[in-house]
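Here is what each chain is made of, one letter per residue.
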Amino acid sequence: MQNTKLKWIYLAVLSLVWGSSFILIKKSLIGLTPLQLGALRTLFAATFLFLIGFRSMRKIAASDWKWIIISAFAGTFIPAFLFAFAETEIDSGIASILNSTTPLVTLILGMLIFSMRFNKNQFFGVIVGLIGCVALILEGASVNPNQNYWYALLVLCASVCYAINVNIIKRYMQHISPMAIANGNFVVLVIPALIVLCFSDFFKTEVITSPKVHMSLMYVSILAIVGTGIAKVLFNKLVQISTPVFATSVTYTIPIVAMLWGILDNEKFTFYQVLASGVIILGVYLANRNR
């Protein structure tokens, strides 16, 4: 299948998977702390990826490992904890909306740091999509006035991390298979995740035996295997067959899926947020027209 068609399939699958990740984070936090969630998510995903693709790392050259390490922390480890802490104060749907700033950050970093070229369609599409995101944020703030929007800064920091990661993959890791990148990332992260978990009080008897924790572990295992492990491989491939802006435009469609899950979980959304979601989709189309 041609890359032009294939990239849209990857975009749709990732939208569904990552759009569902925000509600899984919310449910995982019922029995787990943000530190426990971030660490367990990393460890579960690492176990899954090692089982299906550990040998792929043999093709990673020694000179590539510095980029693998940066990609690991920027694209996976740090955002896992930032989102976990953010969703202790803001709704899962709002967190997904704030994550939609990633394409704009990617565009800016790509031009300023990575010498990437972007055309007018991409820039205009990113701006239109961002307008839709701002509309969603403002409407969300009015619907949920008691939420602490300082925690929104954590999501914005995660967007910066994602932008750094996608530019690094596109610029320096085109020759490495998506599976090798993913496994390399988690080899780097296993020890840091174990250290965090050990200092998070997870191994206390009252924590391990708690029914809430058992239910949360089920949610975090789904989040780790599908939302982190499988999605990580798909996203790496998407970056390689498209552009950084196209790949990160998945963050424009994620909120729509996340909002639907939020509605099912009794989060408050309005008709104006639905209209803003339409503006987001328009931004995705404009950013990728004729590509």
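In case you missed it, the structure is sitting above this.
How each quantity is defined
- Residues numbered from 1 in each chain as written.
- Predicted model: local features only at pLDDT ≥ 70, side-chain atom pairs only at ≥ 80, totals over all residues.
- Heavy atoms only, no water.
- Helix = DSSP H or I, 4+ residues; strand = E, 2+ residues; numbered from the N terminus.
- Rg over C-alpha atoms; globule rule 2.2 N^0.38 Å.
- Buried < 20%, exposed > 50% of the residue type's maximum accessible area, 1.4 Å probe, protein only.
- Contact = heavy atoms within 4.5 Å.
- Areas by Shrake-Rupley, 256 points an atom, 1.4 Å probe, with all protein chains shown as cover.
- Lys, Arg positive; Asp, Glu negative; His and termini not counted.
- Charge placed at Lys NZ, Arg CZ, Asp CG, Glu CD.
- Core = buried A, V, L, I, M, F, W, Y, C linked by side-chain atoms within 4.5 Å.
- Phe/Tyr/Trp six-rings, centres within 6.5 Å; stacked < 30°, edge-to-face > 60°.
- Axes fitted to C-alpha atoms, helices over the stretch in contact; angles between N-to-C directions.
- Parallel < 35°, antiparallel > 145°, perpendicular 65-115°, else oblique.
- Left-handed = near helix turned anticlockwise from the far one by under 90°.
- Nonpolar A, V, L, I, M, F, W, Y, C, P; charged D, E, K, R; others polar.
- Salt bridge = Lys/Arg side-chain N within 4 Å of Asp/Glu carboxyl O.
- Polar contact = N/O pair within 3.5 Å; in protein donor to acceptor, adjacent residues only side chain to side chain.

## Comments concerning the overall build of the protein
Turning to step 1, where the next piece is worked out: Of regular secondary structure, the protein possesses 13 helices and 0 strands.
Turning to step 2, where the next piece is worked out: For the protein, the α and β elements follow one another from N to C terminus as α-α-α-α-α-α-α-α-α-α-α-α-α.
Turning to step 3, where the next piece is worked out: Whereas a compact globule of 291 residues would reach a radius of gyration of roughly 19 Å, the protein reaches 18 Å, a difference of no more than 12%.
Turning to step 4, where the next piece is worked out: For the protein, the C-alpha atoms occupy an extent of roughly 55 × 50 × 35 Å along the three principal directions.
Turning to step 5, where the next piece is worked out: Counting over 291 residues, the protein shows a buried share of 57%.
Turning to step 6, where the next piece is worked out: Of the contacts made within the protein by residues no fewer than 6 positions apart, 89% connect residues no fewer than 24 positions apart.
Turning to step 7, where the next piece is worked out: Accessible area of the protein: about 13,000 Å², with a carbon and sulfur share of 70%.
Turning to step 8, where the next piece is worked out: In the protein, 20 side chains carry a positive charge and 9 a negative one; their mean positions are 20 Å apart.

## A closer look at unusual backbone geometry
Glycine aside, residues mostly have negative phi angles, and peptide bonds mostly take the trans form.
Turning to step 1, where the next piece is worked out: Although it is not a glycine, Asp-201 sits at a positive phi angle of roughly 70°.
Turning to step 2, where the next piece is worked out: Position of Asp-201 among the secondary structure elements: in the loop between α8 (178–198) and α9 (205–208).

## Some thoughts on the nonpolar core
Turning to step 1, where the next piece is worked out: Grouped together as the largest cluster of nonpolar side chains are 83 residues, with contacts concentrated most on Trp-18, Met-173 and Phe-235.
Turning to step 2, where the next piece is worked out: Ignoring sequence-local partners within four residues, the contact set of Trp-18 consists of Gly-227, Ala-231, Phe-235, Val-250 and Ile-254.

## Regarding the packing of aromatic side chains
Turning to step 1, where the next piece is worked out: Counted under the stated rule, the structure contains 9 aromatic pairs.
Turning to step 2, where the next piece is worked out: Arranged with centres 5.4 Å apart and planes meeting at 85°, the rings of Phe-50 and Phe-54 form a pair that is edge-to-face.
Turning to step 3, where the next piece is worked out: For Phe-50, a relative accessible area of 24% gives the class partly exposed.
Turning to step 4, where the next piece is worked out: On the numbers, 3.9 Å between centres and 0° between planes, the contact of Trp-67 with Tyr-172 is stacked. Of this pair, Trp-67 sits in helix α3 (residues 65–86) while Tyr-172 sits in helix α7 (residues 152–172), and the two are 105 residues apart along the sequence.

## A short note on the packing of α7 against helix α10 (residues 211–241)
Packed helix pairs are specified by the crossing angle of their axes together with the interaxial distance, meaning the distance between the axes.
Turning to step 1, where the next piece is worked out: Closest axis-to-axis distance for the α7/α10 pair is 9 Å, and the angle between their directions is 60°. If you check the angle between α7 and α10, you find them oblique. As α7 runs across α10, the sense of the crossing is right-handed. Taking contact as the criterion, the partners of Asn-165, Val-166, Ile-169 and Lys-170 in α7 are, on α10, Lys-232, Phe-235, Asn-236, Val-239 and Gln-240.
Turning to step 2, where the next piece is worked out: Each residue belonging to the contact of α7 with α10 can be placed in one class, and the counts come to 4 nonpolar, 3 polar and 2 charged.

## Quick look at the pattern of salt bridges
Turning to step 1, where the next piece is worked out: Here the structure, examined in full by the defined rule, presents 3 salt bridges.
Turning to step 2, where the next piece is worked out: Of the charged contacts, one joins Asp-265 and Lys-26 as a salt bridge, the two residues approaching to 2.8 Å between their closest N and O atoms. With a gap of 239 residues between them, Asp-265 in the loop between α12 (250–264) and α13 (271–287) and Lys-26 in helix α1 (residues 3–28) connect regions that are remote in the sequence.
Turning to step 3, where the next piece is worked out: Judged by its relative accessible area of 21%, Asp-265 falls in the partly exposed class.
Turning to step 4, where the next piece is worked out: Residue classification places Lys-26 among the partly exposed residues on the basis of a relative accessible area of 25%.
Turning to step 5, where the next piece is worked out: Between Asp-201 and Lys-204 there is a salt bridge, with its nearest N and O atoms 3.9 Å apart.

## Topic: the side chain of Ser-200
Turning to step 1, where the next piece is worked out: Note that Ser-200 resides in the loop between α8 and α9.
Turning to step 2, where the next piece is worked out: Given the relative accessible area of 7%, Ser-200 is considered buried.
Turning to step 3, where the next piece is worked out: A distance of 2.6 Å separates the side chain of Ser-200 from the backbone oxygen of Leu-197, its partner in a polar contact.
Turning to step 4, where the next piece is worked out: In this structure Ser-200 touches Leu-35 and Gln-36, once residues within four positions along its chain are discounted.

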